[in-house]
Amino acid sequence: MAKTIKSSMAGTVWKMLVKPGDEFDIGDTVAILESMKMEINIEADDSGTVVEIVAAEGDTVDEGAPLFSYS
Amino acid sequence: MTNEELNATLAERRDTALAGGQGKAREKHIAANKLLVRDRLRLLLDDGFEFEDGLLAGTEQGLPADGIVTVVGKVGGRDVAVIANDMTVKAGTWGPQALLKFNRMQDLALEAGIPLIYLVDSAGARIDEQRSLFLGRNGWGNIWYNQVRISGRVPQICVLFGPSPAGAAYVPGLCDLVIMVDKQSSAYLGSPRMAKMTIFEDVTEEQMGGAKLHCMLSGLGDVLAKDDAEAIRNTRDYLSYMPMNWEETPPDCPAAPAEAAAAARIADLVPVQQNQPYDVHDLIDALVDVGSFYEVKALYAKEMTVGLARLGGQAVGLVANNSKHKGGVIFSDSSDKAARFIWMCNAYNIPLLFLQDVSGYMIGSAVEKSGIIRHGAKLLAAVCESTVPRICVLVRKAYGGGYLAMSGAPTHPDAMLALPTALPALVGPEAAVNAIHYNRIMELPENERDEFVRSKRDEYAQDIDVYKAAADTFAVEDVVQPTELRNDLINRFRVYRRRKAAVIPRRSAVHPV
């Protein structure tokens, strides 16, 4: 199963800051969610290269839902 | 026998015991980059130990000190009691003498009113001794019985250098603070081998109960250290904030200024836009004495930041919402983390400082299932029953249950202060308008709804005003300039710490858990 970066809490994807092919490091802010009237920075808990965006901007996601896959 | 011969026999026996385990166990220990038990003690204590009990226990069985070293020594010039496993002697397991020594040092720490430190590196109970040491009144369980009865009277710190399996895992479970060494310490009720046999799970030791797992996910670990020496430094640091026991006050240190770079930025450090995250560590650095922030559970439930620090040399416990993580919203784990920390500070006479920026407890069916109400109630309970000096600063958002749980005015802090960025209200404007005017909105034609909602929202937002809070309801003692906050806090704590704590007479509260 492909590795994925997941949402840390339930909310709406406001900004996806990476696209397929982008490299990211552990701790990088890779997406911003909107939840509880706050901007929620999603920080990568791993390093890698983005393969496929799973959650588009505007999508509603649960806690733990995959945002994108990476290798 | 002559005196000389008698003295020589004693010297020989002491030397054998002091040398600890020999052979393969010792080689393995050293090869794993772990310090030997007496080297750990040398690093921990100012000038070696003052005295040792039971050095000669276990010598008849060829087990130096029966695998456990119990001493009294000084840390920062103050006495502490230490119970330390020797992994090189029968894998640091607890035999009959070890248990007696263990319990004796627990009694001594309590009687003398000095902190107790457990340096754990042990395969646990000796299973082949279970018949005599498990069931009876004098059995192993006395370790935990004592821990529970000591709790809140003298500080108990557990440093995990190696394993602490099964029942032994409750030693960290019942301490005030748990320091774990990365890739080296572990705690679990059932070993990976046992899990494979009984529930058919196949995981490594690290996955079952490694230091990272406990410091990031389970919340058992408070501090993650990279090696033995760092773990010991952390123990000494932590003790510098602690009184000797619950009846004393934490030692004052020479005052130091806040970190210059952070302090210079304090005036515009907090974003005015309430939905914009920032790292509360920057604000903490701008307030507390430079280098004094000792963070607890830094890697766990990061939306809540807790730790010890000094303000003008006085020890304080900080509880702060961190909007950098999960918007600073309170979850079950963050509530749990803060409640435990508040209980610890209250037990040891450490004043509390809350930095509030919270849009509330998390909502949704997922958190309801996780028990957000009872976990959230824990935080409220800890705040409301605390009797130490307590100041709450409204940094930015102060909404709903979050406002109360983070030491809002109705929870009777010694002072409520606010920064000019503060936004105190039951709920934010959008949620409020939706709640108050829902029926009206639904009755309106669709093309008029947005305009209506906007006007009501602006109207409501006018009411979220820190000056009205200060003037009309006296909800805050003062609205302070960010640049004045540090001095104000120092002055207030100096006065509030003179207040006598009012203890409610009862056997115990019925705590939410």
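Rules and cut-offs
Residues numbered from 1 in each chain as written. Chains lettered and ligands numbered in written order. Predicted model: local features only at pLDDT ≥ 70, side-chain atom pairs only at ≥ 80, totals over all residues. Heavy atoms only, no water. Contact = heavy atoms within 4.5 Å. Buried area = accessible area lost by both parts, 1.4 Å probe. Nonpolar A, V, L, I, M, F, W, Y, C, P; charged D, E, K, R; others polar. Pairing = 2+ DSSP bridges. Helix = DSSP H or I, 4+ residues; strand = E, 2+ residues; numbered from the N terminus. Axes fitted to C-alpha atoms, helices over the stretch in contact; angles between N-to-C directions. Phe/Tyr/Trp six-rings, centres within 6.5 Å; stacked < 30°, edge-to-face > 60°. Core = buried A, V, L, I, M, F, W, Y, C linked by side-chain atoms within 4.5 Å. Buried < 20%, exposed > 50% of the residue type's maximum accessible area, 1.4 Å probe, protein only. Domains from an automatic or database assignment. Salt bridge = Lys/Arg side-chain N within 4 Å of Asp/Glu carboxyl O. Polar contact = N/O pair within 3.5 Å; in protein donor to acceptor, adjacent residues only side chain to side chain.

Turning our attention to the interface of chain A and chain B. Between chain A and chain B, the contact holds twelve residues from the first and 19 residues from the second. Both faces combined, the contact of chain A with chain B buries some 1200 Å², and carbon together with sulfur accounts for 62% of it. It is A:Met36, A:Met38 and A:Glu39 that lose the most area in chain A upon contact with chain B, and together they represent 47% of the buried surface on that side. Grouping the constituent residues of the side of chain A that touches chain B by class yields five nonpolar, three polar and four charged.

For the rest of this paragraph, the subject is the sheet that holds strand S3 (residues 78–85) of chain B. Residue and element names in this part refer to chain B. Judged by pairing direction, the sheet is mixed, and its seven strands sit side by side in the order S1-S2-S3-S4-S5-S7-S9 without closing on themselves. Because the sheet does not close on itself, it has two edges, and the strands there are strand S1 (49–53) and strand S9 (223–225). Within the sheet, the average angular offset between the axes of one strand and its neighbour, ignoring direction, is 20 degrees. Across four bridges, the pairing between S3 and strand S4 (residues 116–120) is parallel. By the bridge assignment for S4, Ala 81 is matched with Leu 116. Along the sheet, helix H11 (residues 228–239) makes contact with strand S2 (68–75), S3, S4, strand S5 (156–160), strand S7 (177–181) and S9, crossing S7 at roughly 160 degrees.

A word on the packing of aromatic side chains. Applying the stated criterion across every chain, the model contains seven aromatic pairs over all chains. Here A:Phe24 and A:Tyr70 contribute two aromatic rings whose centre-to-centre distance is 5.3 Å and whose plane-to-plane angle is 75 degrees, an arrangement assigned as edge-to-face. Placement of A:Phe24 in strand S3 (residues 23–24) and of A:Tyr70 in strand S8 (residues 66–70) is noted, with a sequence separation of 46 residues between them. Ring centres 6.1 Å apart and planes at 55 degrees place the aromatic pair B:Tyr241 and B:Tyr294 in the tilted group.

Okay, the sheet that holds S3(A) next. Two modes of strand pairing occur in sheets, parallel and antiparallel, and in both the strands are linked by backbone hydrogen bonds. Residues and elements named next belong to chain A. Read from one edge of the open sheet, four strands run S1-S8-S6-S3, paired in antiparallel fashion. Each edge of the open sheet carries a strand with a single partner, namely strand S1 (3–6) and S3. Note that S1 and S8 share four bridges and pair antiparallel. By the bridge assignment for S8, Thr 4 is matched with Ser 69.

Quick look at the nonpolar core now. Ranked by size, the top nonpolar core spans 87 residues in total, and within it A:Phe68 and B:Leu308 carry the most contacts. Top contributing element to this core by residue count: helix H14 (residues 332–347) of chain B, with six residues. Counting residues domain by domain, this core receives three or more from each of domain 1 (3–239) and domain 2 (260–426 + 465–496) of chain B. Each residue touching A:Phe68, except ones within four places of it in the same chain, is listed here: A:Lys3, A:Thr4, A:Ile5, A:Met16, A:Val18, A:Phe24, A:Val30, A:Val50, A:Glu52, A:Ile53 and A:Val54.

All names here are of chain B. Summed over the entire model, instances satisfying the criterion amount to 29 salt bridges over all chains. Linking Asp 182 and Lys 183 is a salt bridge whose minimum nitrogen-to-oxygen distance equals 3.4 Å. By relative accessible area, which is 14% here, Asp 182 ends up buried. Under the relative-accessibility criterion, Lys 183 is labelled exposed at 65%. Taking the shortest distance from any N to any O, the salt bridge between Arg 492 and Asp 488 comes out at 2.5 Å.

Attention now moves to the domain arrangement of chain B. Residue and element names in this part refer to chain B. Domain annotation for chain B reports domain 1 (3–239), domain 2 (260–426 + 465–496) and domain 3 (429–463). Between the C-alpha centres of domain 2 and domain 3 the distance comes to 31 Å. Contact with domain 2, which involves six residues of that partner, is made by four residues of domain 3. Taken together, the connections running from domain 2 to domain 3 amount to zero salt bridges. Here the residues of the side of domain 2 that touches domain 3 sort into three nonpolar, one polar and two charged.

Attention now moves to the side chain of A:Ser7. Residue and element names in this part refer to chain A. Structurally, Ser 7 is set in the loop between S1 and strand S2 (11–16). From its side chain, Ser 7 meets the backbone oxygen of Met 9 in a polar contact 2.5 Å long. With near-sequence residues (within four places) excluded, Ser 7 lies in contact with Leu 33, Ile 42, Val 61, Asp 62, Glu 63, Gly 64, Ala 65 and Leu 67.

What follows deals with the side chain of B:Arg492. Residues and elements named next belong to chain B. Residue placement: Arg 492 occurs in helix H22 (residues 482–496). Here Asp 488 takes part through its side chain, which lies 2.5 Å from a polar atom of the side chain of Arg 492. If we skip the residues at most four places from it in the chain, Arg 492 touches Ile 391, Ala 415, Leu 417, Glu 477 and Asp 478.

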